[in-house]
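Okay, here's what each chain looks like letter by letter:
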Amino acid sequence: MNGPFILPVRDIVRKPGEMREHRFAVPLAEQWGEGIVSYEAGSEIDIDVRLESVHEGILATGTVDAEYVGVCGRCLIDIAEPVEVEFQELFAYPGEEETDFEVQDNHVDLETLVREAAVLALPFQPVCQPDCPGLDPSTGERLAVNTGAEKAAPIDPRWSALQQITDQGSAAERSATKNTEES
């Protein structure tokens, strides 16, 4: 069995208490994840794993370090963020019980385990910064970029009659000020 995620365990199979540690990087052959963020094909993920022999099988415990890319869910700019995710799974010896993961031909295949852990760690609503204000609903511009122009808040149409009263009051005030300046 060959592959970047397949690790030999021949020397620790059925020897409870034995342990091996592996640290390696794997370039992804295809994109992992769907949606607005994912791990790109060709990007590298770093895996640090400890394989321990126990009575039931081989216990794989480790971490995955990678970087996802995509767009901010609020302002739609490109983002790239690092991710570190932990995993732990028992690879059972064949024939004892029906399990999702088994030791096969004195090897363990970490691909499914690592893929599931990494993809589940992707954020559902990724943002470029925690307080990203998003886009202006009327202009579509990013609100995080200050253009320097102070914009008046839109007026609720239910209050428009009151706006007319304040407009009349400010017009009367301006004409009164103009009359006192002339005298």
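These remarks concern the structure in this document. Since we're looking at a predicted model, the values are computed, not measured.

Conventions adopted
Residues numbered from 1 in each chain as written. Predicted model: local features only at pLDDT ≥ 70, side-chain atom pairs only at ≥ 80, totals over all residues. Heavy atoms only, no water. Helix = DSSP H or I, 4+ residues; strand = E, 2+ residues; numbered from the N terminus. Buried < 20%, exposed > 50% of the residue type's maximum accessible area, 1.4 Å probe, protein only. Areas by Shrake-Rupley, 256 points an atom, 1.4 Å probe, with all protein chains shown as cover. Patch = residues over 30% accessible without salt bridge, like charges linked within 9 Å, V, L, I, M, F, W, Y side chains within 5 Å. Salt bridge = Lys/Arg side-chain N within 4 Å of Asp/Glu carboxyl O. Pairing = 2+ DSSP bridges. Phe/Tyr/Trp six-rings, centres within 6.5 Å; stacked < 30°, edge-to-face > 60°. Lys NZ or Arg CZ within 6 Å of the ring centre and 35° of its normal.

### Focus on the overall build of the protein chain
Move 1: Within the protein chain one finds two helices and seven strands.
Move 2: Listing the helices and strands of the protein chain from first to last along the sequence gives β-β-β-β-β-β-β-α-α.
Move 3: In the protein chain, buried positions account for 29% of the 183 residues.
Move 4: Carbon and sulfur atoms make up 49% of the accessible area of the protein chain, which totals about 12200 Å².

### Some words on unusual backbone geometry
Move 1: Phi at Leu76 takes a positive value of approximately 65 degrees, unusual for a residue other than glycine.
Move 2: As for its placement among the helices and strands, Leu76 is situated in the loop between β5 (57–71) and β6 (78–92).
Move 3: With relative accessibility at 55%, the residue Leu76 sits in the exposed group.
Move 4: In this structure, Asn106 is a non-glycine residue whose phi angle is positive, near 60 degrees.
Move 5: Mapped onto the elements of the fold, Asn106 is located in the loop between β6 and β7 (107–109).

### Things to note about a nonpolar patch on the surface
Move 1: On the surface, Ile155, Trp159, Leu162 and Ile165 cluster together to form a nonpolar patch covering roughly 440 Å² of accessible area.
Move 2: In this structure, Ile155 sits in the loop between α1 (111–120) and α2 (160–182).
Move 3: Ile155 gets classed as partly exposed once you look at its relative accessible area, which sits at 48%.

### Observations regarding the pairing of strand β4 (residues 44–54)
Move 1: Only one face of β4 is buried: it carries Ile45, Ile47, Val49, Leu51 and Ser53, and the other face, with Glu44, Asp46, Asp48, Arg50, Glu52 and Val54, is open.
Move 2: Alignment of strand β2 (residues 19–27) against β4, held across nine bridges, turns out to be antiparallel. In the sheet register, Arg23 faces β4, and the bridge partner there is Asp48.
Move 3: Pairing between β4 and β5: nine bridges, direction antiparallel. Considered in β5, the bridge of Ile47 is made with Val64.
Move 4: A loop of two residues connects β4 with β5, the two strands running antiparallel in sequence.

### Regarding the packing of aromatic side chains
Move 1: Under the defined criterion, the tally for this structure stands at two aromatic pairs.
Move 2: Between Phe5 and Trp32, the aromatic rings sit 6.0 Å apart at their centres with planes inclined by 25 degrees, giving stacked as the arrangement. In this pair, Phe5 sits in the segment before β1 (6–8) while Trp32 sits in the loop between β2 and β3 (37–38), placing the two residues 27 residues apart along the sequence.
Move 3: If you follow Arg14 out to its NZ or CZ, it ends over the ring of Tyr93, 4.1 Å from the centre.

### Observations regarding the pattern of salt bridges
Move 1: Here the structure, examined in full by the defined rule, presents six salt bridges.
Move 2: With a closest N to O distance of 2.8 Å, Asp11 and Arg20 form a salt bridge.
Move 3: According to the relative accessible area criterion, Asp11 is partly exposed, its value standing at 38%.
Move 4: The exposure class of Arg20 is partly exposed, given its relative accessible area of 29%.
Move 5: The residue Glu18 makes a salt bridge to Arg20 at a minimum N-O spacing of 3.6 Å.
Move 6: On the basis of relative accessible area, Glu18 is assigned to the partly exposed category, the value being 33%.
Move 7: What emerges from the salt-bridge pattern is a single network uniting Asp11, Glu18 and Arg20.

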